[in-house]
Amino acid sequence: MPPEAKEILGLPDLNHIETLYGNKRVLIHGELRNRPLCPRCAHPHVRIKASFPRVLRHLRLGNQLVRVRFTSHKYHCQGCKRYFNLTLQGTRPKKRSSEAFRLEVFERHHGGVSGKHISDTHEISHATVERWYQGFIKERYGELKGKRTPRVLGIDEHFFTKKKGYATTFADLKKHTVFDVVLGRSEQSLEAYLRKMPEKHRVKIVVMDLSSTYRSIVKKHFPNAKIVADRFHVVRLIGQQFLKSWAQFDPVGRKNRGLLSLMRRHEKSLSPEQRAKLERYFEEFPHLKAIWEFKQRLHDLIRLKMLSKESTWLVIHDYLRMVRELKESPIEALRTLGETLSSWREEIGRMWRFSKTNSITEGLHNKMEMISRRAFGFRNFENYRMRVLALCGWDGVIRRKRKLILA
Ligand SMILES: [Zn+2]
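All of these numbers come straight from a predicted model, not from anything done at the bench. (Residues numbered from 1 in each chain as written. Predicted model: local features only at pLDDT ≥ 70, side-chain atom pairs only at ≥ 80, totals over all residues. Heavy atoms only, no water.)

Side note on the coordination of the zinc ion
- Protein coordination at the zinc ion: the donors are Cys-38 (SG), Cys-41 (SG), Cys-77 (SG) and Cys-80 (SG), at 2.3 Å from the metal.
- One way to put it: the four donor atoms around the zinc ion meet at angles of 104 to 119°, and that makes the site tetrahedral.
- Mapped onto the sequence, the residues coordinating the zinc ion show the spacing C-x2-C-x35-C-x2-C.
- The class for Cys-38 is buried, based on a relative accessible area of 3%. (Donors = N, O, S within 2.8 Å, 3.2 Å for Na, K, Ca; no water. Tetrahedral: all angles 85-135°; square planar, octahedral: opposite > 155°, others 65-115°. Buried < 20%, exposed > 50% of the residue type's maximum accessible area, 1.4 Å probe, protein only.)

Right under this line is the structure:
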């Protein structure tokens, strides 16, 4: 090898001979640097059996496509007496594009550039874009097989399709990734999956909404896990039951959109004018005002987080008193709320000690909805699952192994 020989970026097995700049393309002439070892027995004595020209689609420089031309060989190994074709570092067997090029297409398509557009800019067919994309997805999915069961698990449901209904998401709340998605949300549909789930003893904390189905599943399958209520869902439940009780006082006012928006808000986010408007409304319904104030206090309580053990006890004391008041309320919606909050008091109590919430899972759900929309919906759940795990379950780092050792 001449000492001044330079490698071609991304293709370290080739020496650079010359670069020709055309209008639309850059053509690089390359030359093999070394004779390879046998990929089967690593024998150093290999003989060239046949030679043929090869052109690789390589990078894209601005609006110019780079092609690399070199002479490739078929070899015969003197050790094991078998034939093999050369595989360059940075390429895969039988592929006419380098990995860098394929990866660029994948990442562009993943970033939202349409297959049609990439097909124009990169001079490959639309079908090829799709095929490569699927290939990378499969690979990401394959990399995830050995992953460990998370210590902090988020469980939540999300809508899949009209025909198949809901699916359950298991999220790793520490890594902010999807651990798995399973079709269905009933105990029956999750049973088989959970029975086979490995390392269930590792799960220490499970964050979930106030679903008694999920609670009984977790108690049954995760012996070491403590259940923590999800703050977001608790806040939502309080809001919903509060609006129901409002409808009981004034069904007409409940349907007034302007009023609805004011009633939903936290008192701190009301302007003085809005506050005055609300007060005028409350003059008509003094009981409703009392309920509204109660809701504000309950809300403030629920929003607390990462408290010390001591302050948690104080908060729990307040909470239990409010739950008692709710349970004694003459209004049905509030009684129901009281019952629910009472049944979940342990899980809600843990929520104050803890900072993680299922908002991470909610964020992942948004991402999953985008995946589904980009694919114009999935009919097959396994395809959907694979895509979700590949895109929401990995850390974003694409790892590549060296394929061939060259002498
Ligand atoms: Zn060999």
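Once you've had a look at it, read on.
What about the pattern of salt bridges?
- This structure, assessed with the given rule, holds 22 salt bridges.
- For Arg-148, the salt bridge identified is with Glu-199, shortest N-O distance 2.5 Å. Here Glu-199 lies in the loop between helix 4 (187-196) and strand 10 (205-208) and Arg-148 lies in the loop between helix 3 (126-143) and strand 7 (152-161), a separation of 51 residues in the sequence.
- On the basis of relative accessible area, Arg-148 is assigned to the partly exposed category, the value being 47%.
- Between Arg-215 and Glu-347 there is a salt bridge whose closest N-O contact spans 3.4 Å. (Salt bridge = Lys/Arg side-chain N within 4 Å of Asp/Glu carboxyl O. Helix = DSSP H or I, 4+ residues; strand = E, 2+ residues; numbered from the N terminus.)

Focus on helix 15 (residues 381-392)
- Here helix 15 contains twelve residues, and its C-alpha end-to-end distance of 16 Å stays within 8% of the 16 Å for a straight helix at 1.5 Å per residue.
- Of all the residues in helix 15, the buried ones are Phe-381, Tyr-384, Arg-385, Met-386, Arg-387, Val-388, Leu-389, Ala-390, Leu-391 and Cys-392.
- Of the surrounding elements, those touching the buried residues of helix 15 are helix 1 (99-110), helix 3, strand 7, strand 8 (165-172), strand 9 (177-183) and helix 14 (359-374). (Expected span 1.5 Å × (residues − 1). Contact = heavy atoms within 4.5 Å.)

Brief notes about the environment of Asp-318
- For Asp-318, the location among the structural elements is in helix 11 (residues 309-327).
- The sequence separation of Asp-318 and Leu-301 amounts to 17 residues, and the corresponding C-alpha distance is 8.4 Å.

Some thoughts on the packing of aromatic side chains
- Counted according to the given criterion, the structure contains 14 aromatic pairs.
- Ring centres 5.1 Å apart and planes at 90° place the aromatic pair Phe-160 and Phe-381 in the edge-to-face group. Highlighted residues: Phe-160 in strand 7 and Phe-381 in helix 15, separated in sequence by 221 residues.
- Classification of Phe-381 as buried rests on a relative accessible area of 10%.
- For the ring pair Trp-246 and Tyr-281, a centre distance of 6.2 Å and an interplane angle of 75° mean the geometry is edge-to-face. With Trp-246 in helix 6 (residues 231-249) and Tyr-281 in helix 9 (residues 272-284), this pair connects stretches of sequence that are 35 residues apart. (Phe/Tyr/Trp six-rings, centres within 6.5 Å; stacked < 30°, edge-to-face > 60°.)

Observations regarding the domain arrangement of the chain
- Here the chain is described as being made up of domain 1 (1-96), domain 2 (98-146), domain 3 (147-229 + 357-392) and domain 4 (231-351).
- Look at where the C-alpha atoms of domain 1 and domain 4 centre, and you get two points 70 Å apart. (Domains from an automatic or database assignment.)

Some thoughts on helix 12 (residues 332-343)
- The first and last C-alpha atoms of helix 12 sit 17 Å apart over twelve residues, in line with the 16 Å expected at 1.5 Å per residue.
- Looking only at helix 12, the buried set comprises Ala-333, Leu-334, Leu-337, Gly-338, Leu-341 and Ser-342. Here the buried residues of helix 12 occupy an arc of 170° about the axis, which is enough to place them on one side.
- On the buried face of helix 12, the contacting elements are helix 6, helix 10 (286-302), helix 11 and helix 13 (345-351). (Arc of directions from axis to C-beta.)

A closer look at the confidence of the model for the chain
- With 95% of its residues at a pLDDT of at least 70, the chain reaches an overall mean of 86.
- Residue range residues 402-407 is modelled with pLDDT below 50. Its contacts to residues more than four positions away, or to other chains, number 19 contacts. (pLDDT = per-residue confidence, 0-100.)

Points about the nonpolar core
- If you look at the biggest cluster of nonpolar residues, it comprises 86 residues, and the most contacted ones within it are Val-234, Met-263, Leu-298, Tyr-319, Leu-341, Ile-348 and Trp-352.
- The element that contributes the greatest number of residues to this core is helix 15, accounting for eight residues.
- Setting aside chain neighbours within four positions, we find Val-234 in contact with Leu-210, Ala-229, Ile-302, Leu-341, Ile-348 and Met-351.
- Ranked by size, the runner-up nonpolar core spans 17 residues in total, among them Ile-8, Val-68, Phe-70 and Phe-84. (Core = buried A, V, L, I, M, F, W, Y, C linked by side-chain atoms within 4.5 Å.)

Quick look at the environment of Arg-25
- Following the sequence through the fold, Arg-25 ends up in strand 3 (residues 25-32).
- Residue Arg-25 is classed as partly exposed on the basis of its relative accessible area, which comes to 37%.
- In this structure Arg-25 touches Leu-20, Gln-64, Leu-65, Arg-67 and Glu-123, once residues within four positions along its chain are discounted.

Quick notes on the sheet that holds strand 9
- If you walk across this open sheet you meet the five strands as 9-8-7-10-11, and the pairing is mixed. Strand pairing shows two members of the sheet lacking a second neighbour, strand 9 and strand 11 (226-229), which therefore form its edges. Within this sheet the neighbouring strands show an average axis-to-axis angle of 30°, counted without direction.
- Sitting on the sheet, helix 15 touches strand 7, strand 8 and strand 9, and the angle it makes with strand 9 is about 170°. (Pairing = 2+ DSSP bridges. Axes fitted to C-alpha atoms, helices over the stretch in contact; angles between N-to-C directions.)

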